[in-house]
Amino acid sequence: MTAMKQDIAFAIDRLGIKDNQRIPVGDDAAAIPRDGGFDLLACEGMDGQFVRAMPWFAGWSSVMVNLSDIAAMGGTPTALVNAVWASDRDGDASEVFDGMRAACDAFEVPMVGGHTNLQSTDTHLAVAVLGHAVTLLTSFDAMPEQALVMAVDLHGRWHGNHPFWDAATDASPKRLRQNLRILPRIAAEGLAVSAKDISQAGILGTATMLCETSRVGVSIDGDRIPRPLDVDFDRWLKVFPSFGFLLATDPESVGELVELFHSHDVAASRIGTFDDSQQVTLHHGGTTSLFHDLTTDSFTGC
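Residues numbered from 1 in each chain as written. Predicted model: local features only at pLDDT ≥ 70, side-chain atom pairs only at ≥ 80, totals over all residues. Heavy atoms only, no water.

A.B. asks: How should I be thinking about the side chain of Arg175 in this particular structure?
C.D. replies: Along the chain, the position of Arg175 falls in helix 6 (residues 173–180). By relative accessible area, Arg175 is classed as buried at 18%. Every residue in contact with Arg175, bar those within four places of it in the chain, is listed here: Asp153, His155, His264, Asp265 and Val266. (Helix = DSSP H or I, 4+ residues; strand = E, 2+ residues; numbered from the N terminus. Buried < 20%, exposed > 50% of the residue type's maximum accessible area, 1.4 Å probe, protein only. Contact = heavy atoms within 4.5 Å.)

Pasting the structure below:
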């Protein structure tokens, strides 16, 4: 996973983004100042093997993960576009489009265009999203002594043997939309300063990305990580949940922040404390282990 995330550094270097970006690179979405707020842009590509194995769920997920990126920035999504390559109109292509449409309908965010090639020799999928935020949650503002809070919707199930915790496809559209609106409220009320959605990097990898951009470390109490009672701890550390976020907040705001999630029937708990070590450590079951040392090894290069 570390090697995959370090591909980001290669792209940043080749594109010269560090040299021309007004807003630092490393957030879940790019933020462009406009009209007293920020336009937000994000893009997610789906692994080809994933698309071929589960085309409907890949289509759904391509929408969902983009909306999570906008929410992690404290924003509200406006519209999406897609790029689809497939060999014909039947099979994978139809299911991919059906999955995207189902997610757009559930979240009430329109798909407004894109690029389609149904003469390809393989199947590929990418989706991009436009959003807007008045107050940003960023990946750059976590500070030592602040609390790390994890919020995750536990009303779900594993998607086969994959790390995907699906709390979305069987949920009511009303619940999906209400949950996404929690993050803009947190930003507006100043209940957190930083946030990242828990991605394919898992809980510890996502925490490491947050620490890297903020140039901090974090000590995580594994016993306080919210998880379903019947789920193995080690497997849960690698989870890619349909609704899951890590947030940095001042200690005095933890109670109100956690209660806001609980009021929406979303599990949330303080799971750690940020420090100046630039190391991510995990304490669990009476043992302490070092997950990543950012002083000697970058994670994404951001």
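Moving on from the model shown.
A.B. asks: Help me understand unusual backbone geometry in this model?
C.D. replies: Across the chain, the bulk of peptide bonds are trans and the bulk of non-glycine residues have phi less than zero. A positive phi is found at Glu145, a non-glycine position, where the angle reads about 80°. Tracing the backbone shows Glu145 in the loop between strand 5 (124–133) and strand 6 (147–152). For Glu145, a relative accessible area of 59% corresponds to the exposed category. With a phi angle near 60°, Arg215 is a residue other than glycine that sits in the positive phi range. The exposure class assigned to Arg215 is exposed, which follows from its relative accessible area of 64%.

A.B. asks: Can you help me understand the packing of aromatic side chains in this one?
C.D. replies: Describing an aromatic ring pair means giving the distance of the ring centres and the angle of the ring planes. Inspection of the entire model under this criterion finds 10 aromatic pairs. Their ring planes at 40° and their centres at 5.1 Å tell us that Phe50 and Phe164 sit as a pair that is tilted. Of this pair, Phe50 sits in helix 3 (residues 48–53) while Phe164 is found in strand 8 (residues 164–166), placing the two residues 114 residues apart along the sequence. For the pair shown, Phe50 and Phe164 are each scored as buried. When the ring of Trp158 is compared with that of Trp165, the centres are 5.3 Å apart and the planes differ by 85°; the resulting orientation is edge-to-face. In terms of burial, Trp158 and Trp165 fall into one category: buried. One aromatic cluster is present, formed by Phe50, Phe57, Phe164 and Phe240 through successive ring pairs. Sitting over the face of the ring of Trp158, Arg235 holds its NZ or CZ atom 3.8 Å from the ring centroid. (Phe/Tyr/Trp six-rings, centres within 6.5 Å; stacked < 30°, edge-to-face > 60°. Lys NZ or Arg CZ within 6 Å of the ring centre and 35° of its normal.)

A.B. asks: Teacher, can you tell me more about the pattern of salt bridges here?
C.D. replies: Side-chain pairs of opposite charge can arise whenever the charged atoms involved come near each other. With the rule as written, the count across this model stands at 9 salt bridges. Where Asp35 meets Arg34, a salt bridge forms, and the shortest distance between an N and an O atom there is 2.5 Å. You can call Asp35 exposed: its relative accessible area is 64%. A salt bridge links Arg185 to Glu189, with the nearest nitrogen and oxygen atoms 2.9 Å apart. With Arg185 and Glu189 both in helix 7 (residues 182–189) and 4 residues apart, this pair spans about one turn of that helix. Exposure remark for Arg185: the relative accessible area of 41% places this residue in the partly exposed category. (Salt bridge = Lys/Arg side-chain N within 4 Å of Asp/Glu carboxyl O.)

Limitation: the analysis is restricted to geometry and does not speak to function.
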